[in-house]
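Below are the chains, spelled out letter by letter.
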Amino acid sequence: MEGYIVSLIIFTAIFALFGLGLNLQWGYTGLINFGHVAFMAVGGYVTVLLSDLDVPIPLLIWIPFCVLVGSLFAAMLGLLIGLSTVRLREDYLAIVTIGVSEMVRLVALNEEWLTRGAFGVQGFPLPLQGFAPTLLTRIGMLAIFTGVIAIGYWQLWKWLRQRIKGVPRQSLINSSLAVAGYLGSLGLLLYGTVIIARQLKLAEDLSPWLLGLFLLGALVGIIALYTWLAQQTIPRLPDWLIGLSLVSCLLSLAVGLWIYQFAAHAIYTYSRTSIKTGLMFISVLVVAVIFWGLQKLVRSPWGRVLKAIREDEEVAKALGKNVFWYKLQALMLGGLVAGVAGALYAWQLTTVYPDNFQPLVTFNAWTIVVLGGAGNNVGTLLGAAIFWAYQTSTRFILADIVPLDDARLGAFRVMIIGLLLMVLMVWRPQGILGKKEELTLGR
């Protein structure tokens, strides 16, 4: 379990970083980029190919330098794309960027002299490889890791305190209890349905199509029941959103502490899973530093210009701003962040193949940003956590209850997350933490 949790944290951090780059380009600047994976591919390939060279430099210095070069190459790709395409609008820009991403993948597949083609790059050095920390070093690493998590929870508490400020205590208690009962009963009902379906599948009492019909009927019935309950309950609870925020924060705290214990134990007993534990430590720190830097940038005058361009670039031009140059900067900086994510992705996979950078990876990032809320970096982190929680849970739960083989089950999981996104777009198009007035799609 510990090794799996460590890998889950790494993937969540990588795609949170990847999503932050896309959020800068689309959420803050309004650039619809459907080829974001190209930056990840360039960053990953350049990093591992450089690090695989035989140079008389210690890996502790050489590997960070390779990441820097890889991310700069990704930024240069953003410059090249921007110089030729950034004047295009909405759907035209989206078509061109997805074409660029496929071009990068096909170059990686066919230029074997450079990228080793379909055989991929393997056996390259990994960060902290061979690193054997002393007890004092492990305690220091654990203190840094804990500090990052503590800062995150402190920010969550500040946000929650701002939300509940001025709300009467009795109203807060009533709404929180109602939301907790609603979500708790829904969870228990879904869990009971899963248990029944699992037993029916194991007993083989029903044919596959009957079991599928049972699951569909149960899901439709539960949705109808709880939609009706929401319609009856929400009008009586004026502060139900505040209660939902409080319950969600408490649930996040509990789940986060449960995951933290595995991560902390992995760092303390570093030698058991040294490479993955070191990568987890690095990934969390990199996400924290880049998130802090992006927050500073988007709250600065530079970030406010990006938002103005997103809302109406003609107004920004009228105020004397060089819109083209600002868009170029956003594309390059978002590409640089994605390039760093590409290096971490390559280290996590330990092999780099062209098929690692399919267009689906870009749309995973879009799912994360849309889910958390465009134009909100905290929402991107939340979207990444929810996305990977979904990926992890459904990989095991659906295999036990849905009468489909592995290939069809993978497609079914994609269909489910697509359906959930459709429901989210109807119910809350701005995402969980986004602001409706800041939407850029469908202007």
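Above this note sits the structure.
Residues numbered from 1 in each chain as written. Predicted model: local features only at pLDDT ≥ 70, side-chain atom pairs only at ≥ 80, totals over all residues. Heavy atoms only, no water.

Quick look at the overall build of the protein now. On a plain count of helices and strands, the protein comes out with 15 helices and two strands. For a compact globule of 443 residues, the expected C-alpha radius of gyration is about 22 Å, and the protein comes in at 23 Å, within 12% of that figure. By its C-alpha atoms, the protein is 65 × 60 × 50 Å across when sized along the principal axes. Going through the 443 residues of the protein one by one, you find that 45% of them count as buried. Sequence separation of at least 24 residues holds for 81% of the intrachain contacts in the protein that already meet a minimum separation of 6. Looking at the protein as shown, the accessible area adds up to about 22700 Å², and 71% of this sits on carbon and sulfur atoms. Distance between charge centres in the protein, computed from 30 positive and 21 negative side chains, equals 13 Å. (Helix = DSSP H or I, 4+ residues; strand = E, 2+ residues; numbered from the N terminus. Rg over C-alpha atoms; globule rule 2.2 N^0.38 Å. Buried < 20%, exposed > 50% of the residue type's maximum accessible area, 1.4 Å probe, protein only. Contact = heavy atoms within 4.5 Å. Areas by Shrake-Rupley, 256 points an atom, 1.4 Å probe, with all protein chains shown as cover. Lys, Arg positive; Asp, Glu negative; His and termini not counted. Charge placed at Lys NZ, Arg CZ, Asp CG, Glu CD.)

What follows covers unusual backbone geometry. Generally, phi is negative for residues other than glycine and the peptide bonds are trans, each holding for most cases. The residue Arg-116 is not glycine, and still its phi comes out positive at about 65°. Relative to the elements of secondary structure, Arg-116 occurs in the loop between helix 5 (112-115) and strand 1 (121-122). For Arg-116, a relative accessible area of 34% puts it in the partly exposed group. We note that Thr-350 has phi near 65°; this positive angle belongs to a residue other than glycine. Here Thr-350 lies in the loop between helix 12 (323-349) and strand 2 (351-352).

With that settled, the discussion passes to the packing of helix 10 (residues 274-298) against helix 14 (residues 377-401). Two measures define how a pair of helices packs: the angle their axes make with one another and the distance between the axes. Between helix 10 and helix 14, the shortest axis-to-axis distance is 10 Å and the interhelical angle comes to 150°. Our classification of the angle between helix 10 and helix 14 gives roughly antiparallel. Packed against helix 10, whose contacting residues are Val-287, Phe-291, Leu-294, Gln-295 and Val-298, the element helix 14 presents Asn-377, Val-378 and Leu-381 at the interface. Residues of the contact of helix 10 with helix 14, tallied by class, amount to six nonpolar, two polar and no charged. (Axes fitted to C-alpha atoms, helices over the stretch in contact; angles between N-to-C directions. Parallel < 35°, antiparallel > 145°, perpendicular 65-115°, else oblique. Nonpolar A, V, L, I, M, F, W, Y, C, P; charged D, E, K, R; others polar.)

Looking now at the pattern of salt bridges. Overall, the coordinates contain seven salt bridges when judged by the stated rule. When the shortest N-O distance is used, the salt bridge between Asp-355 and Arg-105 registers 3.5 Å. Pair noted here: Asp-355 is in the loop between strand 2 and helix 13 (359-372) and Arg-105 is in helix 4 (residues 90-110), with a separation of 250 residues, a long-range link. For Arg-105, a relative accessible area of 13% translates into the label buried. (Salt bridge = Lys/Arg side-chain N within 4 Å of Asp/Glu carboxyl O.)

Membership of the largest hydrophobic core comes to 97 residues, with the highest contact counts inside it found for Phe-15, Leu-17 and Phe-18. A total of 17 residues in this core trace back to one element, the largest contributor, which is helix 1 (residues 2-28). Once residues lying within four places of it in the same chain are set aside, the contact partners of Phe-15 are Tyr-345, Val-361, Asn-364, Ile-368, Ala-384 and Trp-388. Grouped together as the second largest cluster of nonpolar side chains are eight residues, Val-194, Ala-197, Leu-215 and Leu-409 included. (Core = buried A, V, L, I, M, F, W, Y, C linked by side-chain atoms within 4.5 Å.)

What the rule picks out here adds up to 14 aromatic pairs. Taken together, a centroid distance of 5.9 Å and an interplanar angle of 90° make the contact between Phe-15 and Tyr-345 edge-to-face. With Phe-15 in helix 1 and Tyr-345 in helix 12, this residue pair connects regions lying 330 residues apart in the sequence. Considered together, Phe-15 and Tyr-345 belong to a single accessibility category, that of buried residues. Ring centres of Phe-387 and Trp-388 lie 5.7 Å apart, and the angle between their planes is 90°; this geometry places the pair in the edge-to-face category. (Phe/Tyr/Trp six-rings, centres within 6.5 Å; stacked < 30°, edge-to-face > 60°.)

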